[in-house]
Amino acid sequence: KTLETRNGTMFTQYAEGTQMLLHVGQRTYPDGGKHLDIMKTESGLTDEEILELKSLPPGFSRGNIVAILELGRTYETTTEERSHPEFEQKAAARGSDSGRIVTEIRRVEYLKRPIQQRGEGGVFKVRIDPNVIPHGWSIPSKEKSNVYATISG
């Protein structure tokens, strides 16, 4: 998934290039398996490939901060624009089911180890051990207390 869609303005205040941590929530978004259909028919993935893509690494689980990502551009779209097969493939959602505000995900990488953290709504701050951040990534902190922005799953 390289596009995140929302109906709210969660990411509009963040500049392109902003790095955030990703929290995977406990709940699964109820789309009736439409994302699986997109992955099979439009991406041509096998059931085994889909299972691998949807699985977290060993030791990682829902309810954890699991990855770091870099945001791209955030912009508003129409249902017609979101209904193109290429867009649906990148968002893993049908155009009519996806949010009108789109944020590009430029890159993402799993942390060196997961961080147990109860989720909160929207973007929230957490203190983490900077040693969990993979090589080549950094999240600037305004303080020496290692406070980072995190996306709630």
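Keep in mind that this is a model prediction, so the values were computed, not measured.

Draft legend 1. Highlighting the pattern of salt bridges. Following the criterion strictly, the structure yields 13 salt bridges and no others. Glutamate 70 is paired through a salt bridge with arginine 107; the nearest N and O atoms lie 2.7 Å apart. Placement of glutamate 70 in strand β3 (residues 64–76) and of arginine 107 in strand β4 (residues 101–116) is noted, with a sequence separation of 37 residues between them. The exposure class assigned to glutamate 70 is buried, which follows from its relative accessible area of 12%. Judged by its relative accessible area of 33%, arginine 107 falls in the partly exposed class. Each of Glu16, Glu70, Arg106 and Arg107 takes part in salt bridges that share partners, so that together they form one network.

Draft legend 2. Molecular detail of unusual backbone geometry. A positive phi angle, close to 55°, is found at alanine 92, a residue other than glycine. Within the secondary structure, alanine 92 is located in the loop between α4 (85–91) and β4.

Draft legend 3. Summary view of the environment of lysine 40. Within the secondary structure layout, lysine 40 lies in helix α1 (residues 34–42). Its relative accessible area of 41% is what places lysine 40 among the partly exposed residues. Measuring from C-alpha to C-alpha, the distance between lysine 40 and serine 98 comes to 18 Å, with 58 residues separating the pair along the chain. Non-local contacts of lysine 40, meaning those with residues more than four positions away in its chain, are made with Leu45, Asp47 and Ile50.

Draft legend 4. Fine view of the confidence of the model for the protein chain. Summary statistics for the protein chain give a mean pLDDT of 88 and a share of 91% for residues scoring 70 or more. Element-level mean pLDDT values for the protein chain span from 58 in strand β6 (residues 147–151) up to 97 in helix α3 (residues 79–82).

Draft legend 5. View of the packing of α1 against helix α2 (residues 47–54). Put simply, α1 and α2 touch, their axes get as near as 10 Å, and they point 125° apart. Taken together, the axes of α1 and α2 are oblique relative to one another. Two packed elements cross with a definite hand, and for α1 against α2 that hand is right-handed. Where α1 approaches α2, its residues His35, Leu36, Met39 and Lys40 are matched on the opposing element by Asp47, Ile50, Leu53 and Lys54. Residues of the contact of α1 with α2, tallied by class, amount to four nonpolar, one polar and three charged.

Basis of the calculations
- Residues numbered from 1 in each chain as written.
- Predicted model: local features only at pLDDT ≥ 70, side-chain atom pairs only at ≥ 80, totals over all residues.
- Heavy atoms only, no water.
- Salt bridge = Lys/Arg side-chain N within 4 Å of Asp/Glu carboxyl O.
- Helix = DSSP H or I, 4+ residues; strand = E, 2+ residues; numbered from the N terminus.
- Buried < 20%, exposed > 50% of the residue type's maximum accessible area, 1.4 Å probe, protein only.
- Contact = heavy atoms within 4.5 Å.
- pLDDT = per-residue confidence, 0-100.
- Axes fitted to C-alpha atoms, helices over the stretch in contact; angles between N-to-C directions.
- Parallel < 35°, antiparallel > 145°, perpendicular 65-115°, else oblique.
- Left-handed = near helix turned anticlockwise from the far one by under 90°.
- Nonpolar A, V, L, I, M, F, W, Y, C, P; charged D, E, K, R; others polar.

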